[in-house]
There are 2 protein chains.
Amino acid sequence: MQDAHEYLIAHNIHPSQQRVAVMRYLLDHHIHPTADDIYTALAPQMPTLSKTTIYNTLKVFADAGAIQVITIDEEATRYDATLLPHAHFKCQKCGLVYDIDFPANIDPTARQPEIPKDFELTSVQIYYQGICAKCKRNQN
Amino acid sequence: MQDAHEYLIAHNIHPSQQRVAVMRYLLDHHIHPTADDIYTALAPQMPTLSKTTIYNTLKVFADAGAIQVITIDEEATRYDATLLPHAHFKCQKCGLVYDIDFPANIDPTARQPEIPKDFELTSVQIYYQGICAKCKRNQN
DNA sequence: CAAATATATGTAATTATTACATTTTTGTAA
DNA sequence: TTACAAAAATGTAATAATTACATATATTTG
Ligand SMILES: [Mn+2]
Ligand SMILES: [Mn+2]
Ligand SMILES: [Zn+2]
Ligand SMILES: [Zn+2]
């Protein structure tokens with residue numbers, strides 16, 4: 001539970017009311033929400049909020065490196081305020097996107113001997129797909 | 001350069017003319033094309049081809065496990081007839097999606113100790129982003 | 001052949017995302 | 001504080017990917 005206001009300042013992002021609200025939502029809800037999820041959650045408390053502002057805000061965050069952009073879902077882009085390296089698992093039944101931590105002292109994103117040396121690397125994403133435990137149980 | 005017709009039969013997919021054409025395109029062009037790329041390439045030779053057929057066809061292929069679905073690109077879904085495990089690198093300048101082979105006798109997609117045991121895993125994707133060598137050269 | 005099934009097509013709808021022009025807010029300096 | 005410039009937010013409309021669905025055509029099977 002970090003402070004959204006401080007988090008933005010730490011990333012050189014001017015903390016407007018809307019930006020703080022979006023960042024707070026991301027920091028408090030580690031569910032990899034879509035732009036629409038965020039809008040739907042915040043709109044009731046911020047009647048003048050527009051969806052375009054959500055998109056603009058997320059772009060500012062991503063460009064500043066304050067959030068991760070997750071494209072595991074074909075339907076919509078998802079966003080993640082956790083910057084630490086970790087993987088994602090999307091359940092093909094319920095659609096939830098789970099965090100998958102890396103085993104202690106092994107970071108798979110750190111080893112990329114296969115990438116040509118003259119390529120400049122800026123990010124790594126590892127995406128798993130399958131069926132989550134909950135959905136497997138309710139399957140029979 | 002495999003035979004598209006045989007490839008479809010091997011995956012229990014009825015080899016209609018359109019399906020063969022789409023699969024041949026995928027087998028011959030390892031560029032991770034979008035649905036639109038494929039349509040644009042085939043339409044001149046197949047005047048009655050519709051874009052919906054491309055989408056239907058790609059869904060049939062994906063459901064049968066005959067192709068991989070690549071979501072590295074926020075703009076559009078991409079498709080890949082290479083089933084062997086390998087990673088992808090998207091250049092943020094030119095947009096090209098490169099194949100990244102895994103180093104000999106190491107398959108990073110084979111190690112998932114971090115995934116809960118009661119999760120059923122069906123696919124793994126590793127996505128890199130950055131700037132490709134060509135674009136770095138033309139940058140100055 | 002005829003019926004049943006599998007494929008393909010076309011149109012229209014849906015939805016995520018972006019472009020762009022306008023308005024509002026904020027920071028700053030006279 | 002007031003004025004002005006820069007930054008931020010908004011709204012509308014456009015774009016573009018994807019899907020829903022109804023129809024038509026082709027293929028398989030009895
Ligand atoms: Mn995450
Ligand atoms: Mn590939
Ligand atoms: Zn699930
Ligand atoms: Zn490039």
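Structure's up top.
Worth saying up front: this structure is predicted, and the values here are computed from it rather than measured.

Undergrad: Sorry, what's going on with the relation of the copies chain A and chain B here?
TA: Copy one and copy two of the chain differ by a rotation about an axis and a translation along that axis. When chain A is fitted to chain B, the best match, at an RMSD of 0.1 Å, comes from turning it 180° and sliding it 0.0 Å along the axis. These values place the two chain copies in the arrangement generated by a two-fold rotation axis. Measuring from the rotation axis to each C-alpha of chain A, the shortest distance belongs to Ile126(A), at 2.3 Å. Mapped onto chain B, 100% of the interface residues of chain A are again interface residues, and the two copies thus contact each other with one and the same surface.

Undergrad: Please clarify how helix α2 (residues 17–28) of chain B should be interpreted in this entry.
TA: At 3.6 residues per turn, the α-helix brings residues three or four places apart onto the same side. Residue and element names in this part refer to chain B. Taking 1.5 Å per residue, 12 residues should reach 16 Å; α2 reaches 16 Å between its end C-alpha atoms and fits that length. Those residues of α2 not exposed but buried are Val-20, Ala-21, Val-22, Met-23, Tyr-25, Leu-26 and Leu-27. The secondary structure elements touched by the buried residues of α2 are α1 (4–10), α3 (35–42), α4 (51–63) and β2 (78–80).

Undergrad: Which parts of the structure should I look at to understand the sheet that holds strand β3 (residues 87–91) of chain B?
TA: Within a sheet, neighbouring strands are paired by backbone hydrogen bonds and run either parallel or antiparallel to one another. Strand order across the open sheet formed by six strands is β4(A)-β3(A)-β5(A)-β5(B)-β3(B)-β4(B), with mixed pairing between neighbours. Taken across any chain shown, the strands that pair with only one partner, and hence form the sheet edges, are β4 (97–100) of chain A together with β4 (97–100) of chain B. Across the sheet, the mean angle from the axis of one strand to that of its neighbour is 30°, orientation sign disregarded. In terms of strand pairing, β3(B) meets β4(B) through four bridges, oriented antiparallel. Bridge pairing in β4(B) links Phe89(B) to Tyr98(B).

Calculation rules
Residues numbered from 1 in each chain as written. Chains lettered and ligands numbered in written order. Predicted model: local features only at pLDDT ≥ 70, side-chain atom pairs only at ≥ 80, totals over all residues. Heavy atoms only, no water. Least-squares fit on C-alpha atoms with pLDDT ≥ 70 in both. Contact = heavy atoms within 4.5 Å. Helix = DSSP H or I, 4+ residues; strand = E, 2+ residues; numbered from the N terminus. Expected span 1.5 Å × (residues − 1). Buried < 20%, exposed > 50% of the residue type's maximum accessible area, 1.4 Å probe, protein only. Pairing = 2+ DSSP bridges. Axes fitted to C-alpha atoms, helices over the stretch in contact; angles between N-to-C directions.

Worth remembering: the numbers are spatial, not functional.
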